[in-house]
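Structure at a glance
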Amino acid sequence: MNEVLLSVVLPNFNHAQYLSRAIDAIATQDSPPDEIIVVDDASSDGSREVLVECQRRNANLIILFNPRNLGALLSLQRGLEVAKGRYVYFAAADDQILPGFFSNAIKALEAAPSVGLF
């Protein structure tokens with residue numbers, strides 16, 4: 001089994017309108033992550049349907065649904081507990097990363113093994 005190099009953890013609460021854009025920006029990087037873990041924090045805005053549709057397009061998308069709202073910190077923790085990557089990127093549902101972000105980050109981290117954050 002190959003090492004999982006990069007995991008993305010993305011908490012979501014009622015950001016259905018941004019989810020597809022955020023996930024597509026992550027999934028279409030020149031060095032895409034091995035896994036994208038979205039933790040939905042009991043959204044009530046149609047996020048579940050958007051996430052299921054995104055999962056159809058992205059085989060590496062893992063969706064975790066919180067049974068009740070736990071807040072961003074506990075949702076990030078839940079995603080981190082599932083993540084298998086050597087590196088973890090904490091994303092935001094209402095952000096969109098620019099092309100080349102992951103390849104630049106991994107290159108910098110690999111060049112400086114003592115560095116803990118990028």
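Each remark here, short or long, concerns the structure printed above.
Scope of this entry: the structure provided in the associated data block. (Residues numbered from 1 in each chain as written. Predicted model: local features only at pLDDT ≥ 70, side-chain atom pairs only at ≥ 80, totals over all residues. Heavy atoms only, no water.)

For the rest of this paragraph, the subject is the sheet that holds strand β4 (residues 87-90). Across the sheet, four strands lie side by side as β3-β2-β1-β4; this open sheet has parallel pairing. Edge positions in the open sheet fall to β3 (61-65) and β4, since each of these has one partner strand only. Adjacent strand axes in the sheet meet at a mean angle of 20° when their direction is disregarded. With four bridges connecting them, strand β1 (residues 6-12) and β4 associate as parallel partners. In the sheet register, L6 faces β4, and the bridge partner there is Y87. Relative to the sheet, helix α2 (residues 47-57) contacts β1, β2 (35-40) and β3, its axis offset from that of β3 by approximately 160°. Each of β1 and β4 is contacted by helix α4 (residues 101-111), which is oriented at about 135° to β4, the strand it contacts most. (Pairing = 2+ DSSP bridges. Helix = DSSP H or I, 4+ residues; strand = E, 2+ residues; numbered from the N terminus. Axes fitted to C-alpha atoms, helices over the stretch in contact; angles between N-to-C directions. Contact = heavy atoms within 4.5 Å.)

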